[in-house]
Amino acid sequence: MSSEFADCEPAVWLSSVLESFGCQTGTLHRSPDGKWLDLVVAIGVPESLMGTISKIPFGKGIAGAAASTREPVELCNLQQDLGGVAKEGARQTKVSGSLAVPVFSADGSRVLGTLGIGKFEPYDFSDAEKASLAAKAREVAAAWEAESGH
């Protein structure tokens, strides 16, 4: 299965995802071992946070929570409510509405990474938007699995 993700650079692909969702920030992390998330690409994230988000353990922060719970993690207004998952430093992004979804293997048995998007204004993502972002995550999974031979 071909995917848009496989056909371009991760930053170009993520930029198009952000545009389609009307978002200003985004991250894509890949998990080499099912315990950690390694940053593949980030857009709109302050340089001061790059060290923090470059390697995230499952269960920590928004991306780590999405990876460990295997569910989308959404915060309507990160600036006012860290939702019990986001770290204080996340406010430095100036993002309010945020959504992260896991990237699953084709058979659903493994979390291969996470895809996260954010808006500067408070925002509740709809179920349709969550499903659409999960579909984008499947594009990533297909490309990653094709490159690794799975």
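So, here is what we can say about the structure in this document. Everything numeric in this text was worked out from a predicted model, so none of it was measured.

### Structural notes on the nonpolar core
Looking at soluble globular proteins, one finds that nonpolar side chains tend to be buried together.
Step number 1: Counting residues in each nonpolar core, the largest one holds 22 residues, and the members touching the most others are Val103, Leu115, Ile117 and Leu133.
Step number 2: Contributions of two or more residues to this core are made by helix 1 (10-21), strand 5 (97-104), strand 6 (111-119) and helix 4 (127-148).
Step number 3: Top element by residues in this core is helix 4. It accounts for six residues.
Step number 4: Those residues in contact with leucine 115 that sit more than four places away from it in its chain are Trp13, Leu14, Thr27, Leu28, Leu99, Ala100, Val101, Val103, Leu133, Lys136 and Ala137.
Step number 5: Grouped together as the second largest cluster of nonpolar side chains are eight residues, Leu37, Val45, Ile53 and Ala63 included.

### Topic: the pairing of strand 5
Step number 1: Extensive coverage of strand 5 is indicated by the burial of seven of its eight residues.
Step number 2: Pairing analysis gives three bridges linking strand 4 (residues 73-75) to strand 5, with the strands arranged antiparallel. By the bridge assignment for strand 5, leucine 75 is matched with serine 98.
Step number 3: Sheet topology places strand 5 next to strand 6; eight bridges connect them, and they run antiparallel. Within strand 6, the position partnered with glycine 97 by the bridge is lysine 119.

### Points about the sheet that holds strand 1 (residues 25-30)
Step number 1: The strand order across the open sheet built from six strands is 3-2-1-6-5-4, with neighbouring strands paired in antiparallel fashion. Across the chains shown, the open sheet's two edge strands, defined by having one partner strand only, are strand 3 (55-57) and strand 4. The average angle at which neighbouring strand axes cross in this sheet is 20 degrees, direction not considered.
Step number 2: Two strands pair when backbone bridges link them, and strand 1 and strand 6 are joined in this way by six bridges, in the antiparallel orientation. Residue threonine 25 lies in a different strand from strand 6, and its bridge partner there is glycine 118.
Step number 3: Across the face of the sheet, helix 3 (residues 61-69) comes into contact with strand 1, strand 2 (36-43), strand 3, strand 4, strand 5 and strand 6 while running at roughly 40 degrees to strand 5.
Step number 4: Against the sheet, helix 4 engages strand 1, strand 2, strand 4, strand 5 and strand 6, with an angle of about 40 degrees to strand 5.

About the cut-offs
- For every chain, the first residue of its written sequence is number 1, and the numbers climb from 1 along that sequence.
- Where totals are concerned, whole chains, interfaces and linings use all residues; where local detail is concerned, this predicted model gives features only for residues with pLDDT of at least 70, and gives and counts side-chain atom pairs only at 80 or more.
- Hydrogens and water are ignored here; the side-chain numbers use all heavy atoms of the structure.
- Note on terminology: a nonpolar core comprises buried Ala, Val, Leu, Ile, Met, Phe, Trp, Tyr and Cys residues joined through side-chain atoms within 4.5 Å.
- Burial status follows relative accessibility: with a 1.4 Å probe on protein chains alone, a residue under 20% of its type maximum counts as buried, one over 50% as exposed, and anything between as partly exposed.
- Helix numbers and strand numbers start at the N terminus; a helix is a DSSP run of H or I with at least 4 residues, a strand a run of E with at least 2.
- Throughout, a contact is declared for two residues whenever any of their heavy atoms are within 4.5 Å.
- When DSSP finds at least two bridges between two strands, those strands are taken to pair.
- Here, axes are lines fitted to C-alpha atoms. For helices the fit covers the stretch in contact, and angles between N-to-C directions go from 0 to 180 degrees.

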